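Structural characterization, general
Here's the letter readout for the chains.
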Amino acid sequence: MLTKNSNELTTFIKAKIAEITNLNIEDIDEDTEFGSLGLDSVRGLFILQELEELLGEEINPLIFWNYPTIRSFTEYIIKKE
Amino acid sequence: MIPWEPYKLENIVDPYPMYQWLRENDPVHKTINGDYVITKYQDVKQILNDKRCDTGIRLDWLRENESQLSDQLNISFEPLKIALSAFPLFMNGDDHERIKKFMHGVWEVRDYSQLIDIIIDRLAKQITLSDTFNFIETFANKLPLHTISAILGIDQNDLNILMAETKKFFNIMDIYVSISKLKSEVDSAIILIAILENTFELKFINPDESLISAILKKNDEENNPLSKPEVLSVCFSFLAGGKETSSGLIGNAMYYLGKHTVWQSYLKEQPEKYVNFINEIVRFDPPAQLSVRKNRNELHLGNRTIPKNSTLIVSMASANRDEQETLHANEFTIDSNLKNLSFGSGAHYCMGDWLGKSQATALIKYFNEIYHEISVIGLPIYNSNLTIRTLSKLVLQVKP
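Residues numbered from 1 in each chain as written. Chains lettered and ligands numbered in written order. Predicted model: local features only at pLDDT ≥ 70, side-chain atom pairs only at ≥ 80, totals over all residues. Heavy atoms only, no water.

1. Overview of the overall build of chain A
- Scanning chain A for helices and strands turns up four helices and zero strands.
- The helix and strand sequence of chain A, counted from the amino end, reads α-α-α-α.
- For 81 residues, the compact-globule estimate of 2.2 N^0.38 gives 12 Å, and chain A sits close to it at 11 Å.
- Seen through its principal axes, chain A has C-alpha atoms that stretch 30 × 25 × 20 Å.
- Taking the contacts inside chain A whose residues are at least 6 apart along the sequence as the reference set, 55% of them involve residues at least 24 apart.
- On chain A, roughly 4,000 Å² of surface is accessible, and the fraction owed to carbon and sulfur atoms is 44%.
- Side chains of chain A give 7 positive and 16 negative charges; the mean places of these two sets differ by 3 Å. (Helix = DSSP H or I, 4+ residues; strand = E, 2+ residues; numbered from the N terminus. Rg over C-alpha atoms; globule rule 2.2 N^0.38 Å. Contact = heavy atoms within 4.5 Å. Areas by Shrake-Rupley, 256 points an atom, 1.4 Å probe, with all protein chains shown as cover. Lys, Arg positive; Asp, Glu negative; His and termini not counted. Charge placed at Lys NZ, Arg CZ, Asp CG, Glu CD.)

2. Focus on helix 15 (residues 274–284) of chain B
Residues and elements named next belong to chain B.
- Counting buried residues in helix 15 gives eight out of eleven residues, a clear majority hidden from the surface.
- All of the buried residues along helix 15 are Y274, F277, I278, E280, I281, V282, R283 and F284.
- Against the buried residues of helix 15 lie helix 2 (16–25), helix 13 (228–259), helix 14 (261–269) and helix 17 (353–370). (Buried < 20%, exposed > 50% of the residue type's maximum accessible area, 1.4 Å probe, protein only.)

3. With respect to the interface of chain B and chain A
- At the interface, 23 residues of chain B touch 17 residues of chain A.
- Here chain B and chain A share an interface that buries about 1,800 Å² over both sides, 64% of which is from carbon and sulfur atoms.
- Together, Y7, I32 and I179 of chain B form the three largest contributors to the area buried by chain B at its contact with chain A, with a combined 31%.
- Between the two partners, chain B and chain A, sit one salt bridge.
- Its salt-bridge partner being K181 of chain B, residue E58 of chain A comes within 3.3 Å of it at the nearest N-O pair.
- Linking chain B with chain A are six residue pairs in polar contact (both at pLDDT 80 or more).
- Broken down by secondary-structure element, the contributors of at least two residues to the side of chain B that touches chain A are helix 4 (57–73) and helix 11 (179–205) of chain B.
- The greatest single-element share of the side of chain B that touches chain A, amounting to six residues, is contributed by helix 4 of chain B. (Buried area = accessible area lost by both parts, 1.4 Å probe. Salt bridge = Lys/Arg side-chain N within 4 Å of Asp/Glu carboxyl O. Polar contact = N/O pair within 3.5 Å; in protein donor to acceptor, adjacent residues only side chain to side chain.)

4. A word on the sheet that holds strand 4 (residues 132–134) of chain B
Residue and element names in this part refer to chain B.
- Read across the open sheet, the three strands follow the order 4-10-9; overall the sheet is antiparallel. Looking along the sheet, the strands with just one partner apiece sit at the ends: strand 4 and strand 9 (373–382). On average, adjacent strands in this sheet sit at an angle of 20 degrees to one another, irrespective of strand direction.
- Looking at chain direction, strand 9 and strand 10 (residues 391–399) are connected through seven bridges and run antiparallel. Bridge pairing links I381 to K393 in strand 10. (Pairing = 2+ DSSP bridges. Axes fitted to C-alpha atoms, helices over the stretch in contact; angles between N-to-C directions.)

5. Digging into the environment of I313 of chain B
Residue and element names in this part refer to chain B.
- The topology assignment puts I313 in strand 8 (residues 311–315).
- Spatially, the C-alpha atoms of I313 and T39 are 8.7 Å apart, while their sequence positions differ by 274 residues.
- Excluding residues within four positions of it along the chain, I313 makes contact with W4, D35, Y36, V37, I38, I175, Y176, L290 and S291.

6. Focus on the pairing of strand 5 (residues 290–295) of chain B
Residues and elements named next belong to chain B.
- Counting buried positions along strand 5 yields five of six residues, so the element is predominantly enclosed.
- Sheet topology note: the strand 3 (residues 53–54)/strand 5 ladder contains two bridges and is antiparallel. The residue bridging D54 from the neighbouring strand is K294, located in strand 5.
- As judged from the five bridges shared by strand 5 and strand 8, these two strands associate in the antiparallel manner. Across the sheet, residue K294 finds its bridge partner in strand 8, namely T311.

7. Description of the pattern of salt bridges
Residue and element names in this part refer to chain B.
- Counting across every chain of the model gives 25 salt bridges over all chains.
- The partner of K203 in a salt bridge is D208, and the shortest N-O contact between them spans 2.7 Å.
- With a relative accessible area of 11%, K203 lands in the buried category.
- A salt bridge links R389 to D285, with the nearest nitrogen and oxygen atoms 2.8 Å apart.

8. Brief notes about helix 13 of chain B
- Between its terminal C-alpha atoms helix 13 of chain B stretches 47 Å, which fits the 46 Å expected from 32 residues at 1.5 Å a residue.
- Most of helix 13 of chain B sits out of view: 28 of its 32 residues are buried. (Expected span 1.5 Å × (residues − 1).)

9. Some words on the packing of helix 13 of chain B against helix 17 of chain B
All names here are of chain B.
- With their axes 9 Å apart at the nearest point, helix 13 and helix 17 run at an angle of 35 degrees to one another. Between helix 13 and helix 17 lies a crossing of right-handed hand. Across the interface between the two elements, S246, L249, I250, A253, M254 and L257 from helix 13 touch G356, K357, Q359, A360, L363, I364, F367 and N368 from helix 17.
- Its residues assigned to classes, the contact of helix 13 with helix 17 comprises nine nonpolar, four polar and one charged. (Left-handed = near helix turned anticlockwise from the far one by under 90°. Nonpolar A, V, L, I, M, F, W, Y, C, P; charged D, E, K, R; others polar.)

10. Quick notes on the side chain of H96 of chain B
Residues and elements named next belong to chain B.
- Along the chain, H96 falls in helix 6 (residues 93–106).
- Overall, H96 belongs to the buried group, its relative accessible area being 2%.
- The contacts of H96, once residues within four sequence positions are left out, are P88, M91, A347 and H348.

11. Focus: the sheet that holds strand 8 of chain B
Residue and element names in this part refer to chain B.
- An order of 1-2-8-5-3 is seen for the five strands of this open sheet, with the pairing classed as mixed. The open sheet terminates on both sides in strands that have one partner only, identified here as strand 1 (28–30) and strand 3.
- The pairing of strand 2 (residues 36–38) with strand 8 spans three bridges and is parallel. Looking at the pairing, I38 lines up with V314 of strand 8.

12. Concerning the pairing of strand 8 of chain B
- Burial of strand 8 of chain B is extensive: five of the five residues sit out of reach of the surface.
- Neither face of strand 8 of chain B is left uncovered, since the one carrying T311, I313 and S315 of chain B and the one carrying L312 and V314 of chain B both have all their residues buried.

Quick look at the structure:
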């Protein structure tokens, strides 16, 4: 299970986005919106699913939209507790 | 500040400050993903009654993304599509009229008070109320499920499995979908379809007075009968309508009663007011909080122009407390009979409101008449479904 560590979460999300969008991981900017990275609502759900499994908790899909960059999303997940 | 964060724990526990802020500051709020959240009474009523605003967005979304989802998850969504194929809440226009007409042919306002009283007695005998108990598990979830399954004619041996699977399946009515919930909805649809098909076979051989027998008989007599998936789906909608919202109503009603001994005394002195009390719970803290529509045409609401094909999240729960519409709407008051949109408005108005209210009234009356005092122990825990507000835990202590 993933711990709620900012670096680990960021790396995991970047790796998943790279896997889904074929972007190079080093080209993925933490402040670029998910939509601009090529994630649509369905692809976003697959990343959320893996995050739910890794963190062992439910994540409402709207969070993905309300915190639409890797940095803001990661900060939200870590602060949530 | 993000005005629309309904999934936050504080908003799940009490969404009304969020709704009030939206009504006062941004009553047609555009969310970051382009949806519109509509919170004022007149706007909500307008959308619910506008025939150019369609329901069933979840089903459309599923159809649009089915191949991508199926490939990625390696599952078939056919069971879910069957379950929703004639779900009136997800239908529009002539298709909706056809199914609704069929359902009205078998479903009418009836006095089920005897059945409800029998079930309450049975549930009460199964538990020991000597100490504290979770009212939601023991009564609020069971009474509606036992009632609607008895009316439908489903084998009472299937109640435990029905309880578990309906809970998972009816997440389909939530506004935001997740993959994990979608998968569990498919699994539950498979099990529920099997239970219903088994019941169909039994009723076909031995028809009785049950609703399923009436559905099968009516469909046999139709010139343009429903397909088998549609008949299954009609039964799903009776289960949905009968279970989740009624559980929510009963849980909310008991929470308010348990928190306020003054109403316990008031209702003991004026038992004719139980109906008013439940009606006010329906208005003040309704189980059906939100509904979703898509506008076929450009729409003007307040000072906003909403482009066509937008997702509109309308909050009946917020509309009911709109003080610009109704004086004292934000106060709980048993005797005022204030107007509300809790059961919808227009073509999709709830068909079973009377059954939910009669169960809640009977159960609240039963507890308040039998026990000298009812107390809520600790804080209640709410489920995270944003559309249907239900409790998962409400610990009570009762004094004879």
